[in-house]
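Structure at a glance
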Amino acid sequence: MKTRLLIVLVILALLTAGCSQPVTDSGEKDPITGFAIENAIMQYYENTSEPIIIYEQIPFEDGTLVLAEKLMDGEHYPDLHFVDNSGKVTHLTRGSYCWTLNYTQFKDNYIYFGLAGVETRQYIDNPIPVEKVEALFPDKTVSVIPGKSIIAHINLIDRDSRFFKNPQGYIMPVKGREVPYDFTALLENGEELSFSKKVLNAGIDHMPDYLESKKAEVYNSIAFTFTPMLTPEEWQKGYFSGEICLEGKTDHRGNRNALHLRPTGHMSLLDSFILPQDIKPLYLSDNYIRTTDFSTGETVTVKYPEDRKLMDCRILRLTKEKVEKEIGQDSFAVIDVDNKGQVTLPHEKGHYLFLLRILEDKEIQTYTGMLVIK
């Protein structure tokens, strides 16, 4: 009998190894853990045969935040997923960037997430583990301990060169809407490394002039990339239900110049006077890879699915004075669309924030983009 009991205990230990269960403040285990999380992520990615890595997960509100990705060719980095207590991915980010710090906003929190082991790249030859990640604000410091190892590697492929070594995933929810003046890591050897200064130094050459501010929230924001936390259906409408972009000139080689607009969610017609919450993070973050150049006074075509109706287009030139205070909807200029679906861009050079609103099913679908007029 003792031998049989010992065998059962060994089997249970093997099954639960590597599937750590997050603990809430009350000490109770979160109800969605282990295989339920893996199944939720697998179902979202339609039971793909491609490798999927779950780096970290923490209980959050009425569900679980999960840092995971499906490995793809080229540069890759995990996104944040919210799995509700029914075991379904209800919200997620798309488009986190491997060369910056990443954050989103969800349920009245700014949520910072990433791979601490990857963000200490200068130690790649002799990796020094990260003991703690900290976000420093004028009135508080928020800390999180990154994971020591991945939680799950689904559809494992031998010798997968895209797999991160020593990733140390972390998820850091912070109440409010502030960018920290510093984002740091304490290494196990006692050394402190500023992630935000490291990213700032690497990207200083493409910092827009409107971010050259003395305010830490403004200046340091270029170290971060923001991506909204939307439902799978909102992402589907943004990317798979027809192209949504500003289409410009085509060069002599046939290459088309286009600014692809990304979704920022939907709202009711009654809330049409409210800006999407993520307008501010959009211009106060690194949008270098998502910004398109146009000429002064250029005429571009506004493209969106034929089954939707245009509500309006708005544009705002970004300056240091404007971004240092809260920008409201009245700050945007309505830009006229002619009967060919075209708009004429401003003649003044600079960085601009473009806002497109279209109607579908009695709701406003909002899309935004950053452009530079040269």
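The structure reproduced in this document is the subject of the present report. Only a predicted model underlies this, so the values are computations on that prediction, with no experimental measurement involved.

A word on the overall build of the chain
On a plain count of helices and strands, the chain comes out with 8 helices and 23 strands. Here the chain, with 374 residues, has 52% of them falling under the buried criterion. Pairs at least 24 apart in sequence give 69% of the contacts found in the chain among residues at least 6 apart. Summing over all exposed atoms, the chain offers an accessible surface of approximately 18,900 Å²; the carbon and sulfur share of this is 51%.

Considering the environment of T250
Among the structural elements, T250 can be located in strand β14 (residues 245–250). We classify T250 as partly exposed; its relative accessible area is 49%. With near-sequence residues (within four places) excluded, T250 lies in contact with N255 and R256.

What about the nonpolar core?
Grouped burial of nonpolar side chains is what soluble globular proteins tend to show. Grouped together as the largest cluster of nonpolar side chains are 44 residues, with contacts concentrated most on Y112, V133, M172, F183, Y283 and L318. No other element matches strand β7 (residues 130–137), which puts 4 residues into this core. Each residue touching M172, except ones within four places of it in the same chain, is listed here: Y110, I111, Y112, V133, E134, A135, V142, S143, V144 and F183.

Looking at helix α2 (residues 34–44)
Taken as a whole, α2 has its buried residues at G34, I37, E38, A40, I41 and M42. Buried residues along α2 sit against β1 (52–60), β2 (63–70), β3 (79–84), β4 (89–92) and β9 (152–154). Phi turns positive one or two residues past the end of α2, at E46, with a value near 55°.

Section: the packing of aromatic side chains
Tallied over the full model, the rule gives 12 aromatic pairs. Seen from their ring centres, Y103 and F224 are 5.9 Å apart, and the 90° between their planes marks the pair as edge-to-face. Of this pair, Y103 sits in strand β5 (residues 101–106) while F224 sits in strand β13 (residues 224–226); the two residues are 121 residues apart in sequence, bridging distant segments of the chain. Taken as a pair, Y103 and F224 share a single burial class, namely buried. Cluster of aromatic residues (ring-pair linked, three or more members): Y103, Y110, Y112, Y170, F183, F224 and F226.

Things to note about unusual backbone geometry
One non-glycine residue, K107, adopts positive backbone phi at about 50°. Inspection of the secondary structure assignment puts K107 in the loop between β5 and β6 (109–115). Residue K107 is classed as partly exposed on the basis of its relative accessible area, which comes to 34%. If you check the backbone angles, D108 has positive phi at about 65° while not being a glycine. Within the secondary structure, D108 sits in the loop between β5 and β6. With a relative accessible area of 60%, D108 lands in the exposed category.

Overview of helix α6 (residues 232–239)
Restricting attention to buried positions, one finds in α6 the residues P232, E234, W235 and G238. For α6, the arc enclosing every buried residue in end-on projection is 160°, short of the 170-degree limit, so these residues lie on one face. Residues of α6 that are buried make contact with α2, β4, β16 (262–268) and β23 (363–373).

Comments concerning the sheet that holds β5
Backbone hydrogen bonds are what pair the strands of a sheet, in a parallel or an antiparallel way. The 4 strands lie next to each other as β10-β6-β5-β13, forming an open sheet whose pairing is mixed. Taken across any chain shown, the strands that pair with only one partner, and hence form the sheet edges, are β10 (169–175) and β13. With direction set aside, neighbouring strand axes in the sheet form an average angle of 30°.

Thresholds applied
- Residues numbered from 1 in each chain as written.
- Predicted model: local features only at pLDDT ≥ 70, side-chain atom pairs only at ≥ 80, totals over all residues.
- Heavy atoms only, no water.
- Helix = DSSP H or I, 4+ residues; strand = E, 2+ residues; numbered from the N terminus.
- Buried < 20%, exposed > 50% of the residue type's maximum accessible area, 1.4 Å probe, protein only.
- Contact = heavy atoms within 4.5 Å.
- Areas by Shrake-Rupley, 256 points an atom, 1.4 Å probe, with all protein chains shown as cover.
- Core = buried A, V, L, I, M, F, W, Y, C linked by side-chain atoms within 4.5 Å.
- Phe/Tyr/Trp six-rings, centres within 6.5 Å; stacked < 30°, edge-to-face > 60°.
- Arc of directions from axis to C-beta.
- Pairing = 2+ DSSP bridges.
- Axes fitted to C-alpha atoms, helices over the stretch in contact; angles between N-to-C directions.

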